[in-house]
Amino acid sequence: MSARNDVPPSTVGVELLDHGVEVEYTDGRTTLYRGVPEPVTDTLTTPPKKETHVLVTDPTETEGVMMYVNDLKTHDDVLESTGVGRVILDDGEEEEVFPGVTVRRPGGMRTEVEADPEVARGRVFVFVEDDWSEQSYEFVTEGADADGEDTDNDATTPADSGDA
């Protein structure tokens, strides 16, 4: 099968841990994205040639949907068996991959991700990796930390999880 088609995602299991985010694929295998995600409030731009994975959890934070952006290595049948989706974009193209989550290719083999967690109705994570490194990010609303705590004033909202 081709390795260059868009593939729709299925629901995958998610566990937020104090040392990372674990994803359980529909075939039962798991992977751990290590590290506490760095909070992002605006556009996230990846370095060139990095793999970009976008995960949006449901409000319970126990399941979600995951998309690979411009992944040219993984074959369609592997993605379909794991529940991971894929979107392929040319330079200058953009697509809303989930409500409130847009990815684009600005050029230079980079990916830009913008997300509004309130519109997404869950937590929005981006994992950026290659063979030598991996970084984790979480989109948060302006004035909130990665646990959803309001940092702008004294009125705080309890975090739903606090594990990631």
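A brief look at the structure comes next. (Residues numbered from 1 in each chain as written. Predicted model: local features only at pLDDT ≥ 70, side-chain atom pairs only at ≥ 80, totals over all residues. Heavy atoms only, no water.)

Some points on the pattern of salt bridges
Part 1 of the argument: Under the counting rule described, the total for this entry stands at 10 salt bridges.
Part 2 of the argument: We note a salt bridge from D130 to K50, for which the minimum N-O separation is 2.8 Å. On the criterion of sequence distance, the pair formed by D130 in the loop between β12 (124–129) and β13 (134–139) and K50 in the loop between β5 (44–45) and β6 (51–57) is long-range, its members being 80 residues apart.
Part 3 of the argument: Residues joined by salt bridges that share partners form a network here, namely E94, R104, E112 and E114. (Salt bridge = Lys/Arg side-chain N within 4 Å of Asp/Glu carboxyl O. Helix = DSSP H or I, 4+ residues; strand = E, 2+ residues; numbered from the N terminus.)

Examining the pairing of β6
Part 1 of the argument: Burial of β6 is extensive: six of the seven residues sit out of reach of the surface.
Part 2 of the argument: Where β6 lies against β12, six bridges are found, and the strand directions are antiparallel. Bridge pairing links H53 to F127 in β12.
Part 3 of the argument: Pairing of β6 with strand β7 (residues 63–69) involves six bridges; the strand directions are antiparallel. Residue pairing across strands places V54 opposite M67, the latter belonging to β7. (Buried < 20%, exposed > 50% of the residue type's maximum accessible area, 1.4 Å probe, protein only. Pairing = 2+ DSSP bridges.)

Regarding the nonpolar core
Part 1 of the argument: The biggest cluster of nonpolar side chains holds 20 residues, and the ones touching the most others in it are V54, V101, V103, V126 and F139.
Part 2 of the argument: For this core, the element with the highest residue contribution is β12, accounting for three residues.
Part 3 of the argument: Setting aside residues no more than four positions away along its own chain, V54 makes contact with V65, M66, M67, V69, F98, V101, V103, V113, F125 and V126.
Part 4 of the argument: L55, M66, Y68 and V84 belong to the second largest nonpolar core, which has 15 residues in total. (Core = buried A, V, L, I, M, F, W, Y, C linked by side-chain atoms within 4.5 Å. Contact = heavy atoms within 4.5 Å.)

Digging into the sheet that holds strand β10 (residues 101–107)
Part 1 of the argument: The antiparallel open sheet is built from four strands, whose spatial order is β5-β11-β10-β9. The sheet is open, and its two borders are formed by β5 and β9 (94–98), each paired with just one other strand.
Part 2 of the argument: In this sheet, β10 lies alongside β9 in antiparallel orientation, the contact comprising four bridges. Bridged to E95 within β10 is V103.

Side note on the packing of aromatic side chains
Part 1 of the argument: Taken as a whole and assessed by the stated rule, the structure comprises two aromatic pairs.
Part 2 of the argument: Ring geometry for Y33 and F127: centres 3.9 Å apart, planes at 10°, overall stacked. Separated by 94 residues along the polypeptide, Y33 in strand β3 (residues 30–34) and F127 in strand β12 bring together distant segments of the chain. Comparing Y33 with F127 shows no difference in burial state: the two are buried.
Part 3 of the argument: Considering the side-chain rings of F125 and F127, the 6.2 Å spacing of their centres and the 5° angle between planes classify their relative orientation as stacked. Each member of the pair F125 and F127 is classed as buried. (Phe/Tyr/Trp six-rings, centres within 6.5 Å; stacked < 30°, edge-to-face > 60°.)

Details of unusual backbone geometry
Part 1 of the argument: Of note, E61 is a non-glycine position whose phi angle comes to about 65°, a positive value.
Part 2 of the argument: Mapped onto the fold, E61 is located in the loop between β6 and β7.
Part 3 of the argument: The exposure class assigned to E61 is buried, which follows from its relative accessible area of 11%.
Part 4 of the argument: Within the chain, R121 stands out as a residue other than glycine whose phi angle is a positive 60°.
Part 5 of the argument: Summarising the element assignment, R121 is placed in the loop between α2 (117–120) and β12.

Quick notes on a negative patch on the surface
Part 1 of the argument: Together, D6, D90, D91, E93 and E95 make up a region of like negative charge exposed at the surface.
Part 2 of the argument: Structurally, the position occupied by E93 is in the loop between β8 (85–87) and β9.
Part 3 of the argument: Here E93 falls in the partly exposed class, since its relative accessible area comes to 36%. (Patch = residues over 30% accessible without salt bridge, like charges linked within 9 Å, V, L, I, M, F, W, Y side chains within 5 Å. Areas by Shrake-Rupley, 256 points an atom, 1.4 Å probe, with all protein chains shown as cover. Lys, Arg positive; Asp, Glu negative; His and termini not counted. Charge placed at Lys NZ, Arg CZ, Asp CG, Glu CD.)

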